[in-house]
Amino acid sequence: MLHTSNFLYQLHCRFGSSTLHPHYSCMSYNTATGSWSSKQLQSRLGNLRSRRSEFRVTCWQVLDSTKTCRVQEVSKMNKWENVDILLLDNLTKFREEVANCSKFSEKLSSGATIFVNDAFSLSHKILASTVGVTRFCHASVAGFNFEEELLQLKKISKTTRQPYLAIIGGSNFLEKANALHLLACKCDGLYFFGKLAFQIMNALGLSVPGCFVEQDAVGEALKLIQHAHCRKISIYFPNDFWCFNNSKQDLREIFPSGGILTGWTPIDLGPVSLKELSSLLSICKKILLIGSIKFDSVKEDTVGASELALMLQKISMTDCDVTVVGNAACNAVAGTSCSITQYRMFKNASVVWEFLKGRILPGVAALDIAYPHDLDWNIAFPDPSKPLIVDIGSGNGLFLLKMARRWQNYNFLGLEINKKLVRRCLNNVLQSNIKNGYFISTNATSTFRSIVSSYPGYLILVTIQCPNPDFNREEHRWRMVQRMLIEAIVDLLITNGKVFLQSDIEAVARRMKEQFIMYGKGRLVVDGVENMGWREENPFGIRSDWEQHVIDRGAPMFRIMLRKVR
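Residues numbered from 1 in each chain as written. Predicted model: local features only at pLDDT ≥ 70, side-chain atom pairs only at ≥ 80, totals over all residues. Heavy atoms only, no water.

Participant: Can you walk me through helix H14 (residues 349-356) in this structure?
Facilitator: One full turn of an α-helix is made of 3.6 residues, so residues set three or four places apart face in the same direction. Within H14, seven of the eight residues are buried, leaving the element largely enclosed by the surrounding structure. Buried within H14 we find Ala349, Val351, Val352, Trp353, Glu354, Phe355 and Leu356. Among the structural elements, helix H7 (144-155), strand E6 (164-168), helix H8 (173-186), strand E12 (286-290), strand E13 (321-325) and strand E14 (343-346) are those in contact with the buried residues of H14. Capping the start of H14 is the job of one residue whose side-chain oxygen sits 3.0 Å from the backbone nitrogen of Ser350: Asn348. Phi turns positive, to about 85°, at Gly358, one or two residues after H14. (Buried < 20%, exposed > 50% of the residue type's maximum accessible area, 1.4 Å probe, protein only. Helix = DSSP H or I, 4+ residues; strand = E, 2+ residues; numbered from the N terminus. Contact = heavy atoms within 4.5 Å. Polar contact = N/O pair within 3.5 Å; in protein donor to acceptor, adjacent residues only side chain to side chain.)

What follows is the structure in C-alpha cells.
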C-alpha cells in the first residue's frame, strides 16, 4: 500500500524539488487499485492538508465509479482551477472509460499537468483514466506502488535462482500458449493442473474425459511438449485425482490420471500427486504459482489447494523465491499463512499473462518512463563511441540499412514498436554483415530518453519520417510525436545536432514542426529556409520506401530540418 509520505517523497525525487513548482498547479492521480478504504483515504487527505504550506493542496475531488454519472456530468465538474490534486477512483463502470474516449480523457485531465498512475492492476487495459489522460498532461509518471509492482513483475522472467518450477493452473490453453512457451524457456520444469493439465495429457495420448478437452489445443500442447523436450526440462501433471460421481456427488473415489471413468468428475489432487508435488517443491529455489488451483467444478476450497499453500509456506521459509499470481491462488495462500510478506503476489493474473506473452502493457507504455532498457552498446555496435543517428518508427528498416552502408563512420539505431518488423530488420543486419546498424522494439515516445541517454557517443541526428496520421482528429494528430519525446530529443542532441521531419501530409508535417518548435525550449531553429521552411529535396540522397512511393505517384513531400543551437 502506498503511504502518503512516500507518495510525496516520490514527487520530490522525480521533480528535483522539495515543493511543487507553481507550474504544476494540478495533479491527476489514479488509484484504481482498490487498496484505499474510505477511512484511509480521509486520513491521507488530512495528512496532506496539514502540509498545505509545502504543497499548496487546497482541495481534493474524488470521482467514484459507484456513482451513476455519465460523461456529461463529468464535464460539469469544470471548477478545478482551485484543485491541486485530483484523485481518480475506479472508473471502469463508465462506458467512456472503457472505450478510452478522447473527450472523456480530456475532461478527466482538465487543468492537470502531472499524471501519476498507481493502478498497476489495470496496466493491461487501454482506459481513458490510465492511457487517454497521458495525451493531455505535461508529465505522466508511475506511482510508488506501480513502479514496485512493475519491478517485481520483471523478476518473474529472471533465472538467477534455480531450479525454477512453474505451477500452472486454469484453462484456455490456446490463449496462453505464447506465455507457456516463454515459461518453458525460463523454467526448469512446468507442473500443470486444472484444465490445462488435461490438454497435456490429451496431447500425450492419455485417456481424458471429452468435456475437459479444449478444441484445437492439441497442436499447441504438442509444440510445448516438443519445446520442453528440446530444452531437456520436464513437464508434470497430476498422477491421480479425487473425483465425484455425477449421479451421486457425495460418492467420491481416487482415479489415476489416465483412467477416469465416464460419469466421474475430478475435484481435487490425489494423494500420489500431492506427494510428488511436495518432493518437487522441496528442491526448488524459485517457484511461480499462476492460475486457479481449484477445478472448475468446485467452488469451495479443496484439500489439495490447502496442502499446496502449506507446502509453499514451508518452502518459503528456506530462502525460496515464491511468486503467487491470481486472486484465487493469493487467497488460498493468504488463508494458510500467518504472514504473506515472504511471497511476491499479483492478484490480477491478466497483467502477468499479458507480460508473459511478450505484449506491451498499455498502462506502462503510456508513461514517460516505461520498461527500463539496460543495453550493452558493445554488443549492438563494435565501436559505440561513433556518432549516433536514430530513426524513430524505422518500419522495415531499409532506409536505415542503406544509410548504414553509405556512412560507415556513424552508428545507426532504429526504434520501432512492431516486434515482427524489428526481428526482420535484425536478421537483415546479420545477413548483410552490417556492423553499424541495430534495431530495438520499443515505444520510442516513452523510452527514447532511457535508451539513448546511456549511449557512450554523441547523438547527432534524429529522423521521424511519414508517421501514420490519426485521422480521428481534425489536425491529424500523431500520437508518437508528443512533448515527452521532443524534450528528450532536444536534451540528448549534441549542439548543432539535427532533427529531420517529413510527411506526405502537410498537416502532419506542419504539426510536427510546430510541436518541436513549441517544446524545443527555444533551442531549435529551422536549418535552411526553402518554400516556407519545406525542403525540396531529401538531404541524405536516400529515400524511405514510402517516400519513394509518394514521389513515384507525383505527389509532394513536406520536409524540414531543425538544428539545435544551444
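Now that the structure has been shown, we can carry on.
Participant: Honestly, the packing of aromatic side chains in this entry has me stumped. Any pointers?
Facilitator: Two aromatic rings are characterised by how far apart their centres lie and by the angle between their planes. For the structure on display, the rule yields 14 aromatic pairs. Consider the rings of Phe173 and Phe192, whose centres lie 6.4 Å apart with planes at 35°: the pair is tilted. Placement of Phe173 in helix H8 and of Phe192 in strand E7 (residues 189-192) is noted, with a sequence separation of 19 residues between them. No difference in accessibility class separates Phe173 from Phe192, as the two residues are buried. An aromatic cluster is built from Trp377, Phe381, Tyr438 and Tyr455, whose rings are joined through pairwise contacts. When the ring centre of Trp407 is taken as reference, the NZ or CZ atom of Arg406 above it lies at 5.7 Å. (Phe/Tyr/Trp six-rings, centres within 6.5 Å; stacked < 30°, edge-to-face > 60°. Lys NZ or Arg CZ within 6 Å of the ring centre and 35° of its normal.)

Participant: Help me understand the environment of Asp491, please; the structure alone is not making it clear to me.
Facilitator: Relative to the helices and strands, Asp491 resides in helix H20 (residues 483-492). Asp491 sits 73 residues away from Lys564 along the chain, and the two C-alpha atoms are 9.6 Å apart.

Participant: Would you mind going over the sheet that holds strand E8 (residues 234-236) with me for this structure?
Facilitator: Whether parallel or antiparallel, the strands of a sheet pair through hydrogen bonds between backbone atoms. The six strands lie next to each other as E8-E7-E6-E12-E13-E14, forming an open sheet whose pairing is parallel. For this open sheet the edge positions go to E8 and E14, each flanked by a neighbour on one side alone. Ignoring strand direction, the axes of neighbouring strands in this sheet form an average angle of 15°. Where E13 and E14 come together, four bridges link them in parallel fashion. The residue bridging Thr323 from the neighbouring strand is Arg344, located in E14. Most of the contacts of H7 go to E14, to which it runs at about 110°, and overall it touches E12 and E14. (Pairing = 2+ DSSP bridges. Axes fitted to C-alpha atoms, helices over the stretch in contact; angles between N-to-C directions.)

Participant: What should I look at first to understand the pattern of salt bridges in this one?
Facilitator: For side chains bearing opposite charge, pairing can occur when the charged atoms are close. One pass over the structure, following the stated rule, counts 15 salt bridges. The partner of Asp491 in a salt bridge is Arg523, with the nearest N and O atoms 3.3 Å apart. Taken together, the residues Asp491 in helix H20 and Arg523 in the loop between helix H21 (506-519) and strand E20 (524-526) connect sequence positions 32 residues apart. Exposure remark for Asp491: the relative accessible area of 30% places this residue in the partly exposed category. Shared partners join several salt bridges into a network, and the residues in it are Glu175, Glu354, Lys357 and Arg359. (Salt bridge = Lys/Arg side-chain N within 4 Å of Asp/Glu carboxyl O.)

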